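Inside the fold
One-letter residues, chain by chain:
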Amino acid sequence: HLHAKCKHAATFQLFRLTSPHTMSTPIETVVIHPLVLLAAVDHFNRVAKDTKKRVVGVLLGETFKGKVDVLNSYAVPFEEDRKDPSIWFLDHTFHENMYDMFRKVNAKEKVVGWYSTGPKIRGPDLEITELFRKYTKNPLLVIIDVQPTDDLTIPTEAYLSVQSSPEEQSVSERTFQHIPTEIGAAEPEEIGVEHLLRDIRDKTVSTLTTQIAHKVSSLRNLRKHVDEIETYLTNVCSGKIAVNPKIIYLLQGIYNLSPNLKVENLQKSFAVKGNDMMLVVYLCSLIRSVIALHNLINNHQMNKDAEIKAKEDKDKEATAATKAKQKKDEESKKKSEGEKESSDSKEKPKKSSK
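Our subject in this report is the structure included herewith.

Definitions and cut-offs
- Residues numbered from 1 in each chain as written.
- Predicted model: local features only at pLDDT ≥ 70, side-chain atom pairs only at ≥ 80, totals over all residues.
- Heavy atoms only, no water.
- Helix = DSSP H or I, 4+ residues; strand = E, 2+ residues; numbered from the N terminus.
- Buried < 20%, exposed > 50% of the residue type's maximum accessible area, 1.4 Å probe, protein only.
- Contact = heavy atoms within 4.5 Å.
- Pairing = 2+ DSSP bridges.
- Salt bridge = Lys/Arg side-chain N within 4 Å of Asp/Glu carboxyl O.
- Phe/Tyr/Trp six-rings, centres within 6.5 Å; stacked < 30°, edge-to-face > 60°.
- Core = buried A, V, L, I, M, F, W, Y, C linked by side-chain atoms within 4.5 Å.
- Axes fitted to C-alpha atoms, helices over the stretch in contact; angles between N-to-C directions.
- Patch = residues over 30% accessible without salt bridge, like charges linked within 9 Å, V, L, I, M, F, W, Y side chains within 5 Å.
- Areas by Shrake-Rupley, 256 points an atom, 1.4 Å probe, with all protein chains shown as cover.
- Lys, Arg positive; Asp, Glu negative; His and termini not counted.
- Charge placed at Lys NZ, Arg CZ, Asp CG, Glu CD.
- Polar contact = N/O pair within 3.5 Å; in protein donor to acceptor, adjacent residues only side chain to side chain.
- Expected span 1.5 Å × (residues − 1).

**Focus on the overall build of the protein chain**
Along the protein chain, the regular secondary structure elements total eight helices and ten strands. By residue count, 27% of the 354 residues in the protein chain fall in the buried class. Taking contacts inside the protein chain between residues at least 6 apart in sequence as the whole, the part at least 24 apart equals 65%.

**A word on the pairing of strand S2 (residues 56-64)**
Relative to strand S3 (residues 67-76), S2 is paired through nine bridges, and the arrangement is antiparallel. Bridge pairing in S3 links Thr 63 to Val 68. Once S2 ends, the chain turns through two residues before running back antiparallel as S3, passing Lys 65 with a positive phi of about 55 degrees. Pairing of S2 with strand S6 (residues 110-116), which is carried by six bridges, proceeds in the antiparallel orientation. Among the inter-strand pairings, Leu 59 is bridged to a residue of S6, identified as Gly 113.

**So, the pattern of salt bridges**
Taken as a whole, this structure holds eight salt bridges when the rule is applied. Where Glu 130 meets Arg 133, a salt bridge forms, and the shortest distance between an N and an O atom there is 3.1 Å. Residue classification places Glu 130 among the partly exposed residues on the basis of a relative accessible area of 31%. A relative accessible area of 25% means that Arg 133 is categorised as partly exposed. The salt bridge involving Arg 174 is made with Glu 130; its shortest N-O contact spans 3.2 Å. Residue Arg 174 is found in strand S9 (residues 174-179), and its partner Glu 130 is found in helix H4 (residues 125-132); the two are separated by 44 residues along the sequence. Classification of Arg 174 as partly exposed rests on a relative accessible area of 23%.

**Structural notes on the packing of aromatic side chains**
Any pair of aromatic rings gets described here by the distance separating the centres and the angle formed by the planes. Applying the stated rule across the entire model yields four aromatic pairs. For the ring pair Tyr 74 and Phe 102, a centre distance of 4.9 Å and an interplane angle of 25 degrees mean the geometry is stacked. Of this pair, Tyr 74 sits in strand S3 while Phe 102 sits in helix H3 (residues 92-105), placing them 28 residues apart in sequence. On the accessibility criterion, Tyr 74 (5% relative accessible area) is buried. Taken together through their ring pairs, the aromatic side chains of Trp 114, Phe 132 and Tyr 135 make up a single cluster.

**As for the nonpolar core**
Among soluble globular proteins, nonpolar side chains are generally buried collectively. Counting 21 residues, the largest nonpolar core has Ile 27, Val 30, Ile 32, Leu 59, Val 70 and Ile 144 as the members making the most contacts within it. Elements with a minimum of two residues in this core: strand S1 (29-32), helix H2 (34-47), S3, S6, strand S7 (140-144) and strand S8 (156-163). Per element, the largest residue contribution to this core is four residues, and it comes from H2. Counting 20 residues, the second largest nonpolar core, distinct from the first, contains Tyr 74, Val 111, Ile 128 and Phe 132.

**Observations concerning the sheet that holds S7**
Strands sit in the order S9-S8-S7-S6-S2-S3-S1-S10 across an open sheet of eight strands; the sheet is mixed. Each edge of the open sheet is held by one strand with a lone partner, namely S9 and strand S10 (181-183). Averaged over all pairs of adjacent strands, the angle between strand axes in this sheet comes to 35 degrees, irrespective of strand direction. Its contacts with the sheet put H2 on S1, S2, S3, S6, S7, S8 and S10, and the angle it makes with S3 is roughly 25 degrees.

**A short note on a negative patch on the surface**
A contiguous patch of negative charge, built from Glu 312, Asp 313, Asp 315 and Glu 317, is present on the exposed surface. By the element assignment, Glu 312 lies in helix H8 (residues 264-353). The partly exposed category is assigned to Glu 312, whose relative accessible area is 44%.

**A look at the side chain of Ser 116**
Within the secondary structure, Ser 116 is located in strand S6. A distance of 3.1 Å separates a polar atom in the side chain of Ser 116 from the backbone nitrogen of Gly 118. With residues up to four places along the chain from it excluded, the contact list for Ser 116 reads Arg 54, Val 55, Val 56, Leu 141, Val 142, Ile 143 and Ile 144.

**A look at H2**
Here H2 spans 20 Å end to end across 14 residues, near enough to the 20 Å set by a 1.5 Å rise per residue. If you check which residues of H2 are buried, you get Pro 34, Val 36, Leu 37, Ala 40, His 43 and Phe 44.

**Examining the pairing of S6**
Along S6, six of the seven residues are buried, which leaves the element largely enclosed by surrounding structure. As paired elements, S6 and S7 share four bridges and run parallel to each other. Across the sheet, Gly 113 pairs through a bridge with Leu 140, a residue of S7.

**Observations regarding unusual backbone geometry**
A cis geometry characterises the amide bond from Gly 118 onward to Pro 119, with omega recorded as 5 degrees. When you line up the elements, Pro 119 lands in the loop between S6 and H4. One non-glycine residue, Asp 50, adopts positive backbone phi at about 65 degrees. For Asp 50, the position within the fold is in the loop between H2 and S2. For Asp 50, a relative accessible area of 73% corresponds to the exposed category. For Lys 65, which is not a glycine, the phi torsion comes out positive at approximately 55 degrees. Turning to its location among the elements, Lys 65 is positioned in the loop between S2 and S3.

Listed below in structure tokens is the structure:
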């Protein structure tokens, strides 16, 4: 039954079909901050890299008006038996000591739940969540996928333990309910993330290209969600899945908010707007190419001038060296001629005396 619940939650986790108005839980949104993601990835790489194990840690943050900001986290020793999921160990003494030290640094950050690298919900997760109920009223379970296979999805999923419906209590008194999650950061955190990623990003790629890549990624993600909706409705029509009225009402709301693209004025507006944007993109690409070519010509001219100047300097040095050598040869020649004349003048008086 738990596996069926996990599968049901994973099917609709991407397009967030849980409406805040229909939820009976006090938590509506979970915001994961970058520091938590970095700490979880570091924890996994240090403890369980290249293995099938998962790592577990405690989440710290603040809760305000149904919104939970997960600001910090720390690792906790955890072990479980792969053959028997009911056998597990979590060092809550270590957690209590760590939380006492963290509380001395920042008293505003309270325990809001725990994280697991899953990558899916496992059997003892309900029991672990109940263990954390001693430290917080509504403990969250955040599954962080440290090795995501799909770049279009957010690598975090949040769940809250709620009371099961009367027809399900015979199997389990509590079950997990999916909570919408998002990645958020304060201004200092954004600066820190940009500083960490400055060597990863390609500086030669323009901002316009980056924006277009983001648009393409968003459209692919939207297409994936539409395919999931189609799959769900097909399974409902074929009788493989029971009808969920809440999901049908939300889908009806999505369709009601969708614009009617068959209106002529709307089609014309889309065409004009698209052509204008494509014209701007074309002009920007053309200007960029002209500027690049201009810089290439300037660089070529500068290199040519530098070569000419270097050649002239070399010729000047060679000419100066030749003149210095000629001058030196002339001086040595004059010196040798002077010595010869002096020796001849000394020899003549000796002959006259005889």
